[in-house]
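# Structural features, examined
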Amino acid sequence: MNGTGEIEAIHVADEAETEPEGVAEVEAVAGRGLRGDRYFSDDGTFSGDDITLIEAEALDAIEEEAGIALEPGAHRRNVTTRNAALNHLVGERFRVGEAVCEGVELCEPCSHLESLTEKGTLSALVHRGGLRASIVESGEIHVGDGIEQL
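Here goes a summary of the coordinates provided. All of these numbers come straight from a predicted model, not from anything done at the bench.

Definitions and cut-offs
- Residues numbered from 1 in each chain as written.
- Predicted model: local features only at pLDDT ≥ 70, side-chain atom pairs only at ≥ 80, totals over all residues.
- Heavy atoms only, no water.
- Helix = DSSP H or I, 4+ residues; strand = E, 2+ residues; numbered from the N terminus.
- Buried < 20%, exposed > 50% of the residue type's maximum accessible area, 1.4 Å probe, protein only.
- Core = buried A, V, L, I, M, F, W, Y, C linked by side-chain atoms within 4.5 Å.
- Contact = heavy atoms within 4.5 Å.
- Salt bridge = Lys/Arg side-chain N within 4 Å of Asp/Glu carboxyl O.

## Quick notes on unusual backbone geometry
For Asn83, which is not glycine, the phi dihedral falls at a positive 65°. Within the fold, Asn83 resides in the loop between β6 (79–82) and β7 (93–96). On the basis of relative accessibility, which here comes to 54%, the residue Asn83 falls in the exposed class.

## Regarding the nonpolar core
Among soluble globular proteins, nonpolar side chains are generally buried collectively. Counting 21 residues, the largest nonpolar core has Leu34, Ile51, Leu53, Phe94, Val96 and Ile141 as its most contacted members. Dropping the residues within four chain positions of it, Ile141 is found in contact with Ile7, Ile10, Ala24, Glu25, Val26, Ala28, Leu34, Ile51, Val96 and Ala99. In terms of nonpolar packing, the next biggest core, distinct from the first, is built from five residues, Ile54, Leu59, Ile68 and Leu125 among them.

## Some words on the pattern of salt bridges
In total, this model carries seven salt bridges according to the counting rule given. A salt bridge links Asp37 to Arg38, with the nearest nitrogen and oxygen atoms 3.2 Å apart. On the basis of relative accessibility, which here comes to 4%, the residue Arg38 falls in the buried class. Between Glu105 and Arg132 there is a salt bridge, and its shortest N-O distance comes to 3.4 Å. Taken together, the residues span a long stretch of sequence, with Glu105 in strand β8 (residues 99–106) and Arg132 in strand β9 (residues 131–137) at a distance of 27 residues. Judged by its relative accessible area of 40%, Glu105 is partly exposed. Through salt bridges with shared partners, a single network forms among Glu8, Asp60 and Arg82.

Taken by themselves, the reported measurements are silent on function.
This is the structure:
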């Protein structure tokens, strides 16, 4: 990833199946996840994820290409980024705000996401559904903070 991206939005859902809520800041806890999020207490569909990220540019693209306009947080990812090439961070360490994360795998869309949004979301987000990452160093994350590869 060249340059520095930025955090555009943060969303957490305190229980599986509940609507993600936008927050201005969140505590990222190493090995646990985001305080207040369903994965922090192993209550999510993919328990074990510390943090998930998605590019705002991917959301812009599916709206333009497929006419799918996802409401903020409807993508079910924790952090929405701008100007950060997330697919290139698999296996890499990067800083998100004060926290240090390591990319684990692409966060490909699933039929569950499509069932919560609209038909076509799954195919529109293939290979641009974001990134699953582990948190290796705890820290605060705020909207507007930077993202940079280490």
